[in-house]
Amino acid sequence: MSKKGQKVHTKKVFKPYVQEQQTLPLSIDSLIPQNHVVRVVNRAIDRMNLEPLFAKYPGGGRSSFHPVMMTKLLVYAYTDRVFSCRRIAKAARENIMYMWLCGGNQPDFMSVNRFRSERMKEVILEVFAEVIELLVKEKYIKLENYFLDGTKIEANANKYSWVWGKSTKRYKEALREKCRELFKEIDQINEEENAEYGDSDLEELGNGKPIDSEAIEEAVRKIDERLAKKSEEETVDAETKKLKKTRNTLTKDYLPRMQKYEQQELILEERNSYSKTDHDATFMRMKEDHMKNGQLKPGYNVQIGTENQFVVGYSVHQRPGDTSCMKDHLEELKTLLHGELPKNIIADAGYGSEENYDYLQEKKLVSYVKYNTFHKEASKKWKEDITKPQNFTYDHENDEYICGYGRTLIFLYERHQKSDNGYRSLIRIYECLNCSGCPHRNQCVKSSDPYANRRIYVNRKLNAYKEQARRNLCSEEGLRMRSLRPVEVESVFGDIKGNHGMRRFLLKGLEKVKIEWGLHCIAHNMRKMALITG
């Protein structure tokens, strides 16, 4: 026995290293831990009904990679932070987890990309629905509480290739004005057309339609007819030269520009902007503003709902505001859950609008949705501010408001206000009889007119919904829901965006972006299942 600190021998000893020697076990299955996330993905997808995916294959031709295998490969790759098709194909050849999952198959990157972009198109929500059904069966979720929130994720598009709706409208109107001037010149030259159309200008051809590409093409056709007559007469005069010059201007300048503006308006629809390199992406203000200048970037507004930190529903929108997305999101969720909706809806102040409260009441859902001034109204400063309409006294008998200084505000008129989704709200306008001499006038009246009086805009229906929301939020259950909301949905966004690097979409176009985000949501649920079972 050697003494402490004394070497037994000085011979150099190494562990055996023989590459050609056959080793046991022969199956790679025994090399994968039992609770590894790849096994969770494998077991979960084996239990799903993927008939919608099978229906995407028309049959005939050479054999395809099995859709179950391809689904497992994609979902596991997204759990492993591998999003590129080439990297997924490489992992299927080299990584033991991927090799075991693929069962020896080695799909190339084109097969992976085609499956993700084409086969999963229009069925990603059905695949996600199967995941939700599995979570319900395994009692991970109860579909009772639905924590809703949204985030903006940058699109795979050039940040400086924008098209603004207002600019397109302005340029198009300027072009129309140029066309009007040019049409007037043609009208003065073409006396025969004046005789035929009376006092009408050429821009009114087509039953008085506004100037568009069709009107310009009609004008070019009329000029061609006039030039054809001139060529038959074999006369070249100043009128012919003017008509040829006008025709060149219309065909080479005005018509292409008008067609471009019309195409831009067609792409814009109701949006205010889009990217030239991804027409479905809208320019939005992102939280990731490294230059600190509020720069707008092309992106998508992603909405998700969670329960027990599992993603229960998701949707992708082109509008930057969360308020107008709630109704569409819940309708998609309703389809996903076969006509049912979770009992309780919990969301932040970005969703507190009359339209959303009205929808939740119509569907008989319990609303724990804040509104924009919920926290401010609880402050001492707000309660003591006599200029706030919420602190005015309402006289039901005379339909009047009494301000904090004792002045009367009488009813003037009503008007309707339309939301982005077309929802109409009724607004009642009240005005003070006389604000002169009031010591609070400078704080109360925003107008620079020295004779202006205070006006308030009252939405009675929204105020009633706010009162109900305040009671729900301040109840014992409401306080519990409010404390859970940041833990629930915010942590899911943090895991997907922060821990797994989902800061920018790889695919272009709304439909493909929906597929990509759906895979991220499925992958998150798989990771969560593996964490619980492990």
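Residues numbered from 1 in each chain as written. Predicted model: local features only at pLDDT ≥ 70, side-chain atom pairs only at ≥ 80, totals over all residues. Heavy atoms only, no water.

1. Description of the confidence of the model for the protein chain
Low pLDDT means the predicted atomic positions in that stretch should not be read closely. Note the following rule: Per residue, pLDDT captures the predictor's confidence, and it can take any value from 0 to 100. Residue contacts are counted whenever heavy atoms from the two residues lie within 4.5 Å of one another.
Residue-level pLDDT values for the protein chain average 88, and 92% of them are 70 or greater. Note on residues 200–207: pLDDT under 50 across the span, and 14 contacts to partners over four residues away in sequence or across chains.

2. Here's the deal with the packing of helix 12 (residues 326–336) against helix 13 (residues 354–362)
Operational definition: Axes, fitted as lines to C-alpha atoms, cover a helix only where it is in contact. Angles between the N-to-C directions of the axes lie from 0 to 180 degrees. Working definition: helices are DSSP H or I runs of at least four residues, strands are E runs of at least two. Numbering for both runs from the N terminus. Each angle receives one of four descriptions, namely roughly parallel if under 35 degrees, roughly antiparallel if over 145, roughly perpendicular if within 65 to 115, and oblique otherwise. Polar here means any residue other than Ala, Val, Leu, Ile, Met, Phe, Trp, Tyr, Cys and Pro, which are nonpolar, and Asp, Glu, Lys and Arg, which are charged; Gly is therefore polar.
Where helix 12 meets helix 13, the closest approach of the two axes is 9 Å, and the angle between their N-to-C directions is 30°. Taken as axis vectors, helix 12 and helix 13 run roughly parallel relative to one another. From helix 12, Met326, Lys327, Leu330 and Glu331 reach across to helix 13, where they touch Glu355, Asn356, Tyr359 and Leu360. Of the residues contributing to the contact of helix 12 with helix 13, the split by class is four nonpolar, one polar and three charged.

3. Considering the packing of aromatic side chains
The condition is simple: Aromatic contacts are taken between Phe, Tyr and Trp rings whose centres are within 6.5 Å, Trp giving its six-membered ring; a plane angle under 30 degrees counts as stacked, one over 60 as edge-to-face, and the others as tilted. Only protein chains enter the area calculation, which uses a 1.4 Å probe; residues under 20% of their type maximum are buried, those over 50% are exposed, and those in between are partly exposed. Sitting over a ring, as applied to charges here, requires NZ of Lys or CZ of Arg to be within 6 Å of the ring centre and within 35 degrees of the ring normal.
Applying the stated criterion across every chain, the model contains 16 aromatic pairs. Centroid distance tyrosine 160 to tryptophan 162: 6.3 Å. Interplanar angle 65°. Geometry classified as edge-to-face. What makes tryptophan 162 partly exposed here is its relative accessible area of 38%. Each ring, one from tyrosine 401 and one from tyrosine 430, has its centre 5.0 Å from the other, and the planes form 80°; the classification is edge-to-face. Of this pair, tyrosine 401 sits in strand 10 (residues 400–402) while tyrosine 430 sits in strand 12 (residues 424–432), and the two are 29 residues apart along the sequence. Look at tyrosine 401 and you get buried, because its relative accessible area is 11%. When its relative accessible area of 0% is taken as the criterion, tyrosine 430 is described as buried. Following the ring pairs from residue to residue traces out a cluster consisting of Tyr160, Trp162, Trp164 and Phe283. Against the face of tyrosine 57 rests arginine 119, its NZ or CZ located 4.3 Å from the ring centre.

4. A word on the domain arrangement of the protein chain
What counts, and what does not: Either an automatic procedure or a domain database provided the assignment from which the domain bounds are taken.
Taken as a whole, the protein chain is organised into domain 1 (28–120), domain 2 (163–196 + 210–274), domain 3 (285–372 + 468–521) and domain 4 (375–458). With centres defined by C-alpha atoms, the gap from domain 1 to domain 4 works out at 61 Å.

5. Remarks on the layout of surface pockets
Where we set the bar: Grid points spaced at 1 Å and placed over the protein atoms alone form the basis of the search, with a cavity being a set where a 1.4 Å probe fits but cannot get out and a pocket an open set showing protein on both sides within 12 Å along at least five of seven lines. Lining residues have an atom within 4 Å of a point. Grid points are joined across faces, edges and corners, and a volume is the space filled by probe spheres set on the points.
The calculated volume of the largest pocket comes to roughly 820 Å³. Among the elements of the structure, helix 15 (380–384), strand 13 (455–458) and helix 17 (460–474) are those that each provide at least two residues to the lining of the largest pocket. When residues in the lining of the largest pocket are grouped by element, the largest group, six residues, is from helix 17. In terms of residue class, the lining of the largest pocket is built from 11 nonpolar, 12 polar and eight charged. Two domains share the lining of the largest pocket, each providing at least three of its residues, namely domain 3 (285–372 + 468–521) and domain 4 (375–458). Size it by volume and the second largest pocket reaches roughly 390 Å³. Here the lining of the second largest pocket is built from residues that sort into five nonpolar, six polar and six charged. A domain-level breakdown of the lining of the second largest pocket finds at least three residues from each of domain 2 (163–196 + 210–274) and domain 3 (285–372 + 468–521).

6. Thoughts on the sheet that holds strand 10
To keep it simple, the criterion reads: Should DSSP find at least two bridges between two strands, the strands are taken to pair.
Taken together, the five strands give an open sheet; going across it, the order is 9-10-11-12-13, and neighbouring strands pair in antiparallel fashion. Looking at strand neighbours, the two that pair on one side only are strand 9 (393–395) and strand 13, the edges of this open sheet. Between one strand axis and the next, the sheet turns through 35° on average, direction left out of account. Inspection of the sheet shows strand 11 (residues 408–418) paired to strand 12 by nine bridges, in the antiparallel sense. Looking at the pairing, arginine 415 lines up with isoleucine 427 of strand 12.

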